[in-house]
Amino acid sequence: DASDGKVKIGILNDQSGVYADFGGKSSYEAALMAVEDFGGKVLGVPVEVITADHQNKPDIASNIARQWYDTEQVDSIMELTTSSVALAVQALSKEKKRIDIVTGAATTELTGKQCSPYGFHWAYDTHSLAVGTGGALVKQGGDSWFFLTADYAFGYSLEENTGNYVKENGGTVVGAVRHPLATTDFSSFLLQAQSSGAKVIGLANAGLDTSNAIKQAAEFGIVQGGQRLAALLFTIAEVHGLGLDAAQGLTLTEGFYWNRNEETAKFGKRFMERTGRMPNMTHAGTYSAVLQYLKAIEKAGSDDADAVAKELRALPVNDIFAQNGTVAPNGRMIHDMYLLEVKKPEESKEPWDYFKVLATIPGKEAFIDPAKSGCDLVKS
Amino acid sequence: MPDMTLTLEMQKQKGRSPVIVQTVFLGVGLALLLLAPLFFYPVFLMKLLCFALFACAFNLLLGYTGLLSFGHAAFFGGAAYFTAHAVKEWGLPPELGILVGVAGAALLGAVIGFFAIRRQGIYFAMITLALSQMFYFFCLQAEFTHGEDGIQSVPRGHLFGFIDLSHWTNMYYFVLAVFVIGIAIIWRIINSPFGMILKSIRENETRAISLGYSVRNYKLAAFVMSAALTGLAGGMKALVFQLATLTDVGWQMSGEVILMTLLGGIGTLIGPLFGAGLVVTLQNYLATSEFPVTIITGVVFMACVLLFRRGIVGEFYNSRLGRKLGFEHRHKH
Amino acid sequence: MKPLLKVSGLNAWYGESHILHGVDMTVGEGEMVTLLGRNGVGKTTTLRSIMGIVRERKGEINFAGEDLIRVPLHRVAHRGLGFVPEERGIFSTLSVYENLLLPPAVATGGMTIDEIFELFPNLHERRNSQGTKLSGGEQQMLAIARILRTGVRMMLLDEPTEGLAPVIVQRIGEVLKKLKERGMTVLLVEQNFRFASKVADRFYLMDHGRMAGEFPVSELSERMDMLHDVLGV
Amino acid sequence: MTAAISSQNEAPRVVLSARGLRRDFGGFTAVKDVDLDVHHARVHALIGPNGAGKTTVFNLLTKFLQPTHGTITLLGEDITRTAPEKVARMGLARSFQISAVFPHLTVLDNVRVALQRPNRLATQFWKPLSALEALNAEADQLIRSVGLEKERNAIAADLSYGRKRVLEIATTLALDPKVLLLDEPMAGMGHEDVGMVSEIIREVARERAVLMVEHNLSVVATLCHHVTVLQRGEILAEGDYATVAEDPRVRIAYMGTEEA
Amino acid sequence: MTMIFGIPLQAFLGQLLIGLINGSFYALLSLGLAIIFGLLRVINFAHGAQYMLGAFLAWLLLSHFGIGYWPALVIAPLAVALLGAAIERTMLRRLYTLDPLYGLLFTFGLALTVEGTFRYLYGASGQPYATPALLTGGANLGFMFLPIYRGWVIAFSLVVCLGTWLVIEKTKLGSYLRAATENPVLVQSFGINVPFLLTLTYGLGAGLAALAGVLAAPIYQVSPLMGSNIIIVVFAVVVVGGMGSIMGAIITGYLLGVAEGLTKVFYPEASNIVIFVIMAIVLLIRPAGLFGRDA
Ligand SMILES: Nc1ncnc2c1ncn2[C@@H]1O[C@H](COP(=O)(O)OP(=O)(O)OP(=O)(O)O)[C@@H](O)[C@H]1O
Ligand SMILES: Nc1ncnc2c1ncn2[C@@H]1O[C@H](COP(=O)(O)OP(=O)(O)OP(=O)(O)O)[C@@H](O)[C@H]1O
Ligand SMILES: [Mg+2]
Ligand SMILES: [Mg+2]
């Protein structure tokens, strides 16, 4: 049974900074929806969700997480946008023996070297994005690539992963240019990409950088010129910010698209009513994570972290986010990813009707083979 | 000299001896800090102490040399990286790890200071800002910082080989000890013959040159000292949170430390302690509230500049009670 | 003579320090009055208070029937008062010509540029050079000329001869006389007693922020003792 | 007025000299081809109308400004390229035209700041302030010599103008310089102070060289052994006061035709 | 094909042109900064926020009132100028008598507040703003495809920069402004309302920033962060040019834009720090900046 008469879940993410749209307060809303859908109670005790803004600062995040664990009886922390925060909180959760489920951060370290018996990675990671966009696009004929890469570790790993998949699938990487983080003007780089003659320009960056690059690519007529743009970390939230005029023709990978089937559409609309925006994979992933966590508690008959972690690894995931998802020993939730293309404005029939699903990438392909992840938990 | 209004200081009054009052204050303060973990969350306290030391080190430069650095995050975050790396990758014990952080920050301070002290006032601020931005980009791209992930799971290790710092009481009292030592060093520097020269340079630089002082060297020395002490705070923070990330080197962090100093009272020894306490509490509080942090921070900033430039401690010194107790806070124009 | 400026009970402060302690004086229309006094007795402060540059002041400053105390600084000139400061205040970022044109005309009847250039041929010659490149004397001429253009009724001149070669001092004396012929009222602060005695109608003697005496130029020789006491002449 | 100074018998030694000194500001030449010799144990006056370049010459000699041309020699060493603080350490001390004290330090501290350097206390950041008490005796003597003992513990900013000038002279003397450059030391002083400072300068000059800018001609006449008149950056006349004062060009350019 | 440093001449020309476009924004922004600094002695940290405000206002006008680019090009800068003027009048003004650092700290707080507010209201990912119909498409210049809008940015910013410079250097208003920086009290005693001029100046500077923002809206994502990303670079531009020199700020803006553009070709990793490196070198050789007068 529940240790202290209630189950408490903390949603910790960036609500005022650069990732506020990527997850933000809407993730909290998604968690609330999951609790409601579950019935508000588990094992007969109420489920409570609290939230905090870590302002993108790992120290603030770990301070809050500690306080939550130590003084507020929080049983698990989820969302955790941005890698530095996710890694820090996962390390802390490991020490405190509490569950953390990451839906907002991308780094594969979470289920690799820095994996934790209590840590789970739910929605996506850099690897799945790379496989989705890199592998699937080549199959669609995009076999020569040029990368615009943010000049730091995150960008490199996206570029490297994607490049590998491009090559594995018989494509070539004709070049890459590294741009500094928070570049405002991409025209120089775009011209270089244009003159490379590659069929696909891969944007191995994130956030405002990607948005600006896409917008300026439209201005320079890159897509009209016959080249494809592929954003490696981009969600519907950012597409909405760009508008279809600029984003049309863009290819990207997400773990969720609301307009994929009836069920997802229903969820999407409910979410939209509550938050004013359609969910992206972080929001839907958070919903799924909370739901699955509660299911695991119920199955385990206790909110004890060890028991719940065991159940989380055992239970299949079936909800609006994942079908037949499984959780690997390293904590990675393995589920299908979707290669999406942004519609032309005239193709869009309703608000937020933004994507065509080009391909579904099966979970087994999308995520790193747990045995090769470098996580100690797998071998033992 | 343009920096007159920033040159606040505590002045002992003649006749009535404020030493006793101050000693009492000091004793009470220290006792409170020793007992604080009984009432407050220790990690929060440790964070506060780190930032307080950071702000005091920053104030050594602003309040006593009249130089506004907009790039102190480089030393703070830089030291955090150095310490984290030394402890995690080289396996150094915590005390040596912190020393590596201090040395790294001092070196960085020497480089940035070399360029910055060539100009004064606003130019100085701009140059430190730009150079620290360069360092930020360096940290973003360098291998050892692990980019966005940061250096994680930094082991706290055993102090002097036998005090286990993973236990929070040990860690807290270690941090407190380092803090007290840091403050003592700052106090000593300010109240030393060297500090007297810094003061006189701030008051009239040309005159100091004409007396034969190599003003640039003194400024550089003060800059490096401030950077090194900032590094002490940064290295300690890396151990407290067991991580070092990009947020600590960003220019917003430089802004934050200015806010702490301004709030607490520029040119007061312990003002920054209160400023840091307020800012850290505010951030923690706002994290779980509806209010967006940046807006509040911005408004506090503006209000401070417009309404109480002396800061909390400065206003106290200047109040009737403060004066009675023997503090005098001179606000100069 | 009808008084144009009447100052009574003027007190002025710089922050904490009380500089003027109840100054009383009158300047008649078309009169040229000189304020004498040692360094630091408050002569400049008197002029600056009348002009409104020193804002911390009390008392009455009646100019052409209006009390100036409550008039904001930038409106004072429009009442017909012009100020030529001790340090001349030539702008280095402006050319001589721009300097000359800087103060807006506050009334009709000011001198035209041609008249000014006729009065100060040096300025014409150097009209395109940078204001502060002029010699001290030329700068002084420029500072005076600048005000003449605006059509003010009264000029406050602060030590126009300070540090100038006697030749130039002489020339400025001639200019002042010409101005007087045209009906200009002048309140002059001077250290150079010899110069002042040649141009002034009347003298005020200032000491420690107060008026210590007043006499017309005709009584000059009788007052030498007093001058000696107060000025050390 | 006449110069009533008996010059020393021994051949005076040149301690500071400038040759062909020139300084341009943009297109404007403030100082032009100035040759200057300052002698040990002599008071040398530099006079001239406003803007003649006197302060600029001071700034050049003390290296606060870099000359466009020319060389400067101090105690036999070429200092044309030396930094100002280095020059000061070599024994060239100056005062400023606009009084230069440390406004928020006490009179005592002002003097001690100056004393700290020769006593090597300045860089000691590990010692308490009480280490400075070692300088008190010396400082107090200097303070007494300029008559500031009543204001010993006053904040410099609260001193009257004249007192500040005196304090500045005390700090300058604290450096125990070999050459003293004083920019209008009597400006703004009352009669009594003028007399006292004159006395101090006369005293000081027994052992040192003094170069001073001064507008107070009676001081120049009674105190100075040698006068150099500058005009528009160039030397107009040189010699003892009597010679210079009779020079018609000097009278026209500076003293005026009417009286001295 | 002619090659320059291993790059085809044509591509080289293209990159030069692109650098110039970037430089247009630097020039416009540093111009405003230089004016505010030159006349008010205030380092306007809020300049980035005002730039962002301009872009956001353009977007708000379009999305809420259907007001398009061309009217926005006038309305948004005017609105920001008015806001700036109001801030100067009520708050900034009290700081003139203090150390200039307080002006910097105040505007820093202002920037945080404004940016925080927009982030709170509109999120961080930004808003779309389409290129005005009249300026869509591009021209093939032979060596590159130049979007017409970018051509417009260069031309228009040049006109604005030169116009502003002419106003400040060559008109009566300009001479009041310049004189007021040297000796505000004296200028006031001549009968000129200097406080009003200062308000006007701050308004002008803020308006220029907003104008740059409107110009940027169709090129860059309209985001609350757009200002803070660019402002530090612009500070460096102003330091290199020499603070307070208006023409210096303009020329340096264009020059550094080009320098940065070329770095993006030859050594892209360094393109964000090249301006800081140039700044360090300039400071070593000419501490007052390329066009600055020594203080
Ligand atoms: N800005 C100021 N702040 C404080 N005190 C000042 C200021 N200006 C002048 N004083 C003081 O006010 C007193 C009167 O100065 P004022 O300039 O009026 O004298 P003055 O008679 O014009 O002397 P001078 O002949 O030297 O020009 C002096 O004691 C001076 O030190
Ligand atoms: N930094 C500078 N830039 C441009 N011109 C300068 C500079 N410093 C001085 N000058 C000019 O050089 C000339 C000489 O100035 P200086 O201060 O040496 O005169 P001075 O003889 O000391 O005059 P005073 O008797 O008024 O003190 C003046 O015309 C002055 O305007
Ligand atoms: Mg005066
Ligand atoms: Mg001089």
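Residues numbered from 1 in each chain as written. Chains lettered and ligands numbered in written order. Predicted model: local features only at pLDDT ≥ 70, side-chain atom pairs only at ≥ 80, totals over all residues. Heavy atoms only, no water.

(A) Highlighting the overall build of chain E. From N to C terminus, chain E includes eleven helices and four strands. Relative to the compact-globule value of 19 Å for 295 residues, chain E shows a C-alpha radius of gyration of 19 Å, a close match. In terms of its C-alpha atoms, chain E occupies a principal-axis envelope of roughly 65 × 50 × 35 Å. Nonlocal contacts in chain E, meaning residues at least 24 apart in sequence, comprise 78% of its contacts between residues at least 6 apart. A total of about 9700 Å² of accessible surface is found on chain E, and carbon and sulfur atoms cover 72% of it. (Helix = DSSP H or I, 4+ residues; strand = E, 2+ residues; numbered from the N terminus. Rg over C-alpha atoms; globule rule 2.2 N^0.38 Å. Contact = heavy atoms within 4.5 Å. Areas by Shrake-Rupley, 256 points an atom, 1.4 Å probe, with all protein chains shown as cover.)

(B) Representation of the state of the cysteines in the model. For the structure shown, the criterion picks out one disulfide over all chains. Note on cysteine connectivity: A:C115 is disulfide-linked to A:C375, with sulfurs 2.0 Å apart. The S-S bond linking A:C115 to A:C375 shows a torsion near 80 degrees; that makes this disulfide right-handed. Of this pair, A:C115 sits in the loop between strand 5 (99-102) and strand 6 (119-121) while A:C375 sits in the loop between helix 13 (363-366) and helix 14 (376-379); the two residues are 260 residues apart in sequence, bridging distant segments of the chain. Free of any disulfide, B:C50 has its nearest cysteine sulfur in B:C56, 12 Å distant. Judged by its relative accessible area of 0%, B:C50 is buried. There is no disulfide at B:C139, and the cysteine sulfur nearest it, in B:C50, is 18 Å away. (Disulfide = S-S within 2.5 Å. Buried < 20%, exposed > 50% of the residue type's maximum accessible area, 1.4 Å probe, protein only.)

(C) Just the interface of chain A and chain B, in detail. Counting from both sides, the interface comprises 34 residues of chain A and, opposite them, 32 residues of chain B. Summed over both sides, the interface of chain A with chain B buries roughly 2700 Å², with 51% coming from carbon and sulfur. Broken down residue by residue, the surface that chain A buries against chain B is led by A:D59, A:N63 and A:R66, which jointly contribute 20%. The interface formed by chain A and chain B contains two salt bridges. Here A:K57 ties to B:E256 by a salt bridge, and the two come within 2.6 Å at their closest N and O atoms. Here chain A and chain B share eight residue pairs in polar contact (both at pLDDT 80 or more) between them. Residue assignment for the side of chain A that touches chain B shows that the elements contributing at least two residues are strand 3 (45-53), helix 2 (58-71), helix 3 (83-96) and helix 5 (153-168) of chain A. For the side of chain A that touches chain B, the element with the highest residue contribution is helix 2 of chain A, accounting for ten residues. (Buried area = accessible area lost by both parts, 1.4 Å probe. Salt bridge = Lys/Arg side-chain N within 4 Å of Asp/Glu carboxyl O. Polar contact = N/O pair within 3.5 Å; in protein donor to acceptor, adjacent residues only side chain to side chain.)

(D) How the structure looks around the interface of chain E and chain B. Contact residues are listed per partner, giving 40 residues for chain E and 42 residues for chain B. When chain E packs against chain B, the two sides together hide about 3900 Å² of surface, and 81% of this comes from carbon and sulfur. By the criterion of area lost to chain B, the three top residues of chain E are E:L101, E:Y102 and E:L105, representing 16% of everything that side buries. There are zero salt bridges connecting chain E and chain B. Summed over the shared surface of chain E and chain B, the result is one residue pair in polar contact (both at pLDDT 80 or more).

(E) Inspection of the coordination of the magnesium ion (ligand 3) at higher detail. Residue and element names in this part refer to chain C. Only T44 (OG1) and E86 (OE) from the protein coordinate the magnesium ion (ligand 3), and they sit 1.8 to 2.5 Å from it. Here T44 is found in helix 1 (residues 43-51), whereas its partner E86 is found in the loop between strand 6 (81-84) and helix 3 (96-101), with 42 residues between them in sequence. The buried category is assigned to T44, whose relative accessible area is 18%. (Donors = N, O, S within 2.8 Å, 3.2 Å for Na, K, Ca; no water.)

(F) Looking closely at the sheet that holds strand 5 of chain A. All names here are of chain A. The mixed open sheet is built from six strands, whose spatial order is 2-3-1-4-5-6. Looking at strand neighbours, the two that pair on one side only are strand 2 (41-42) and strand 6, the edges of this open sheet. Pairing of strand 4 (residues 76-79) with strand 5 involves four bridges; the strand directions are parallel. Bridge pairing in strand 5 places E79 opposite V102. (Pairing = 2+ DSSP bridges.)

(G) Local environment of the pairing of strand 3 of chain A. Residue and element names in this part refer to chain A. A large share of strand 3 lies buried, amounting to seven of its nine residues. With seven bridges joining them, strand 1 (residues 7-13) and strand 3 adopt parallel strand pairing. Directly across from L12, in strand 3, lies its bridge partner A52. As paired elements, strand 2 and strand 3 share two bridges and run antiparallel to each other. Considered in strand 3, the bridge of K41 is made with P46. Between the antiparallel neighbours strand 2 and strand 3 lie two residues, among them L43 with a positive phi of about 50 degrees.

(H) Highlighting the nonpolar core. In terms of nonpolar packing, the biggest core is built from 469 residues, with A:L148, A:Y293 and A:L294 touching the most fellow members. Setting aside residues no more than four positions away along its own chain, A:Y293 makes contact with A:V7, A:I9, A:D75, A:S76, A:M78, A:I99, A:I101, A:V308 and A:L312. One finds D:V31, D:L65, D:L74 and D:A209 within the second-largest nonpolar core, a separate group that totals 28 residues. (Core = buried A, V, L, I, M, F, W, Y, C linked by side-chain atoms within 4.5 Å.)

(I) Fine view of helix 3 (residues 69-90) of chain E. Helix length check: helix 3 of chain E, at 22 residues, gives a terminal C-alpha distance of 31 Å against a target of 32 Å (1.5 Å per residue), a fit within 8%. Those residues of helix 3 of chain E that sit buried are E:Y69, E:A72, E:L73, E:A76, E:P77, E:V80, E:A81, E:G84, E:A85, E:I87 and E:E88. (Expected span 1.5 Å × (residues − 1).)

(J) Molecular detail of the site of ligand 1. Residues and elements named next belong to chain C. Neighbouring residues of ligand 1: 13 residues in total, closest G40, T44, T45, E86 and Q191. Here K43 contributes a backbone N or O atom positioned 2.8 Å from an oxygen atom of ligand 1. Taking T44, its side chain carries an N or O atom lying 2.4 Å from an oxygen atom of ligand 1. About the coverage of ligand 1: the protein hides 61% of its 630 Å² of free accessible area. Broken down by element, the residue count for the shell around ligand 1 peaks at three residues, all from helix 1. Taken together, the residues of the shell around ligand 1 break down into three nonpolar, six polar and four charged. (Near = heavy atom within 4 Å. Nonpolar A, V, L, I, M, F, W, Y, C, P; charged D, E, K, R; others polar.)

(K) Representation of empty space enclosed by the protein in the model. All names here are of chain E. Evaluation of the coordinates by the stated rule reveals six cavities of 30 Å³ or more. What lines the second largest cavity is simply A46, A49, Q50, L53, V80, L83, G84, I87, L110 and V114. Those elements that provide at least two residues to the lining of the second largest cavity are helix 2 (47-65), helix 3 and helix 4 (100-122). Grouping the constituent residues of the lining of the second largest cavity by class yields eight nonpolar, two polar and no charged. (1 Å grid on protein atoms, 1.4 Å probe; cavity = no way out; pocket = protein on both sides within 12 Å on 5 of 7 lines; lining within 4 Å. Points joined across faces, edges and corners; volume = space filled by probe spheres on them.)

(L) Region of interest: the packing of helix 2 of chain A against helix 3 of chain A. All names here are of chain A. Following both chains from N to C, one finds helix 2 and helix 3 inclined at 30 degrees, their axes separated by 9 Å at the closest point. Viewed along their axes, helix 2 and helix 3 adopt a mutual orientation that is roughly parallel. Between helix 2 and helix 3 lies a crossing whose hand is right-handed. Residue-level inspection shows P58, A61, S62, A65, R66, Y69 and D70 of helix 2 in contact with helix 3, the latter providing S84, V85, V89, L92, S93, E95 and K96. Residues belonging to the contact of helix 2 with helix 3 are distributed by class as follows: seven nonpolar, three polar and four charged. (Axes fitted to C-alpha atoms, helices over the stretch in contact; angles between N-to-C directions. Parallel < 35°, antiparallel > 145°, perpendicular 65-115°, else oblique. Left-handed = near helix turned anticlockwise from the far one by under 90°.)

(M) Representation of the sheet that holds strand 10 (residues 210-216) of chain C in the model. Residue and element names in this part refer to chain C. Judged by pairing direction, the sheet is mixed, and its six strands sit side by side in the order 6-7-8-3-9-10 without closing on themselves. Whereas interior strands pair on both sides, the edge strands pair on one side only; in this sheet they are strand 6 and strand 10. Strand-to-strand twist of the sheet, defined as the mean angle between neighbouring strand axes without regard to direction, takes the value 15 degrees. With four bridges joining them, strand 6 and strand 7 (residues 154-158) adopt parallel strand pairing. Pairing of F83 across the sheet is with L156, part of strand 7. In this fold helix 1 packs onto strand 3 (32-37), strand 6, strand 7, strand 8 (185-189) and strand 9 (202-207), with an angle of close to 150 degrees to the strand it touches most, strand 7. Running over the sheet, helix 6 (residues 136-148) touches strand 6 and strand 7 and is turned about 170 degrees from strand 6.

(N) Summary view of the UniProt feature "transmembrane region" (unreviewed entry) in chain E. All names here are of chain E. Look at the UniProt record and you will see "transmembrane region" (unreviewed entry) annotated at residues 12-35, 42-62, 68-88, 100-122, 151-168, 196-220, 232-259 and 265-285. Along residues 151-168 one finds 100% helix and 0% strand; the C-alpha atoms at either end are 26 Å apart. Counted over residues 196-220, helix gives 84% and strand 0%. Its end C-alpha atoms are 35 Å apart. (UniProt positions renumbered as here; feature names shortened; annotations may be inferred.)

(O) Here's a closer look at the packing of helix 2 (residues 42-65) of chain B against helix 7 (residues 193-203) of chain B. All names here are of chain B. The contact between helix 2 and helix 7 brings their axes to 8 Å, and the two run at 55 degrees. If you check the angle between helix 2 and helix 7, you find them oblique. Taking contact as the criterion, the partners of G63, Y64 and T65 in helix 2 are, on helix 7, L198, K199 and R202. Taken together, the residues of the contact of helix 2 with helix 7 break down into two nonpolar, two polar and two charged.

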